[in-house]
Amino acid sequence: MKLSSNRLPRAARLFVLLALLSLTFTPAFAQEANPAPSAAPAAAPAALTFYEDAVTADKDVVTSSRALTDSGKWLTAWKLLAGYDAANTNPWILAEKIRIANEGFAQSVMHLVFGFVDLKEGENLENLRQEQGEGVETFDFKPADLAAAIETSGAALPPVLSLSLGDYYYEVWTRYKGQWMEEDAVVLGKGAEQYERALAYETFTSDSLGKQSEILVALQRFDGAETVVRKGLALDPESRGLTLRLGDVLYGAGRYTEVYSIADQLIANAGDANERNDGFILAIKAGLGAQDRASLETYLGNYEKSFPDEYMPRLVRHLVMVRLGDAESANTAADALYDAFPGDPDVIRSILSTWLSANDPESGFKYLDRCLAKDPSDDAAGALYFYRALLGYQVAMSEEDVETALADISTAEEYFAKTNPSDVQVFATIKQLKEEWTQALAASKEAQNPEASSAPASDAAAVQPEATSDAVAVQPEATSDAAAAQPAEGATDATTAATN
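This is a predicted model, so every value here is computed, not measured. Going along each chain's sequence as written, the residues are numbered from 1 onward. Owing to the predicted nature of the model, reporting of local features is limited to residues with pLDDT of at least 70; listing and counting of side-chain atom pairs is limited to 80 or more, with chain, interface and lining totals taken over all residues. Think of the side-chain values as coming from all heavy atoms in the structure, minus any hydrogens and water.

## Considerations on the overall build of the protein
Alright, step 1. We count a stretch as a helix when DSSP gives it H or I for four or more residues in a row; a strand needs E for two or more, and each element gets its number in order from the N terminus. Within the protein one finds 24 helices and 3 strands.
Alright, step 2. Calculation of accessible area relied on Shrake-Rupley with a 1.4 Å probe; when residues are assessed, cover is drawn exclusively from the protein chains displayed. A total accessible area of about 22,700 Å² is found for the protein, and carbon and sulfur atoms account for 49% of it.

## Section: the sheet that holds strand β3 (residues 137-140)
Alright, step 1. If you trace the 3 strands from one edge of the open sheet to the other, you get β1-β2-β3, paired in antiparallel fashion. At either margin of the open sheet sits one strand with a lone partner, and together these are β1 (107-109) and β3. Direction aside, neighbouring strands of the sheet carry axes that sit 20° apart on average.
Alright, step 2. Running at roughly 40° to β3, helix α3 (residues 74-84) makes contact with β2 (113-116) and β3 of the sheet. Here the rule is simple: two strands pair whenever DSSP picks up at least two bridges between them. To obtain each axis, a line is fitted to C-alpha atoms, and for helices this fit is confined to the stretch in contact; angles are then taken between N-to-C directions over 0 to 180 degrees. Residue contacts are counted whenever heavy atoms from the two residues lie within 4.5 Å of one another.

## Regarding the side chain of Ser208
Alright, step 1. By the secondary structure assignment, Ser208 is in helix α9 (residues 206-218).
Alright, step 2. The contact partners of Ser208, leaving out residues within four places of it in the chain, are Leu163, Asp167 and Tyr195.

## Some points on the packing of helix α4 (residues 91-104) against helix α6 (residues 143-152)
Alright, step 1. In the contact formed by α4 and α6, the axes pass within 11 Å of each other and the chain directions differ by 170°. The angle between α4 and α6 falls in the class roughly antiparallel. Across the interface between the two elements, Pro91, Leu94 and Ile98 of α4 pack against Pro143, Leu146, Ala147 and Ile150 of α6.
Alright, step 2. Grouping the amino acids of the contact of α4 with α6 by side-chain chemistry returns 7 nonpolar, no polar and no charged. Throughout, the term roughly parallel applies to angles under 35 degrees, roughly antiparallel to angles over 145, roughly perpendicular to angles from 65 to 115, and oblique to all others. Amino acid classes used here: Ala, Val, Leu, Ile, Met, Phe, Trp, Tyr, Cys and Pro are nonpolar; Asp, Glu, Lys and Arg are charged; the rest, including Gly, are polar.

## Observations concerning the environment of Val117
Alright, step 1. Position of Val117 relative to the elements: it lies in the loop between β2 and α5 (125-131).
Alright, step 2. For the pair Val117 and Phe105, spaced 12 residues apart in sequence, the C-alpha to C-alpha distance is 7.9 Å.
Alright, step 3. With residues up to four places along the chain from it excluded, the contact list for Val117 reads Gly72, Lys73, Trp74, Leu75, Ala106, Leu128, Gly135 and Val136.

## Some details on the confidence of the model for the protein
Alright, step 1. Across the protein, the average pLDDT comes to 83, with 80% of residues at or above 70.
Alright, step 2. Contacts of residues 1-46 to residues separated by more than four positions or lying in other chains number 131 contacts, the stretch itself having pLDDT below 50.
Alright, step 3. Counting interchain partners and residues more than four positions distant, the pLDDT-below-50 stretch residues 455-500 has 97 contacts. Scored from 0 to 100, pLDDT records how confident the predictor is in each individual residue.

Structure follows, in structure tokens:
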């Protein structure tokens, strides 16, 4: 029998992506400082800089719209524009409608149906988007179709409309990755095209250049992204976001040694811990790309000194050593981490995830055995046996392996029972896992008996880890880190439960 799963506990997903992709993560000290993109407040509307060529009446109504949205009257502003251009044939007004849709929606259905409100005192869009409350008026609004119809009619599209459409596609991409009516690559391509149209007429802002460069990086068009980022830095030389983006662009282009000076600048001029962290991660990524061991040692050492009470820098050291193929240093880093943070489930989970992502579960098992030998405390043993069980089932190749995983999770349960009340979620999770693994084992044994079924099943098919609950089964997706770290709605988080 062979278990064909290649999955990890869901809470480890962030660290799998850390190992497989780009060493990008949110450290503990930054978790509350970085809200999700959808929760960010809307940017202040730009001045009518790009409406110089519009007729006076159009400029006047857009000015009125801006005044209304400045005071939170998003619905009134929308209705003002809708009344002024009911046929949706005015490209200048369409650009302003797109701005309102992007920045001022209270509800959105795939960014094709928008709901607006006039904010009352104490209300804000962030909360309304989360609550999906009443009193929202909705409108069908498909900006791309309307712009295409205007262009088909023979009318010229002003650059500000291209700019607004670029912003629209950026919003669609960031909010609906992999879920929209068109594939991400198509959305990105359309966004890049619209921004390029606007840029050709010198129609851009520092914000739009940042978004455009992000799209170009996603498309791996690094030369274009560099041009855009440097244009943005010419506008705002102190922009740390654009400086970091330039480093990412150079890294993506394989120009690793050029990244160091940018990382040094970010570290030296960091305004807070998050920015300093970003600088170190950028430098370490570049060092890995260049296989520059000397620079890696310097940046890793300084990273650890900068955050002496955080385990993330030490996790990165372990990950780097695994990626470099330095088994001795990887073991040393893992053991030092455990000594500094004994029994910490996040540390244990992350260490195992890194080794598993490198197809080296054996090092993970040896690490767990070393930790059990040095730390016999009940809480630590419970966590160590719990993760050994998960790792064992993850890589199980035989029925005996599953039986060992079941024994380990039973041992974990015994240790947890010594220090936790019976109503702690971990016990329900363990019960669920034991039932599923036992059923999988029974199904495999039945499949080995020719008389048990008239239709023999293959070993791989006899036990399907895909049937395992969301408590432990999740396939690492190639998503953004912020999305990768989010558990599925309603799913039980086994690893979190183990720590409660």
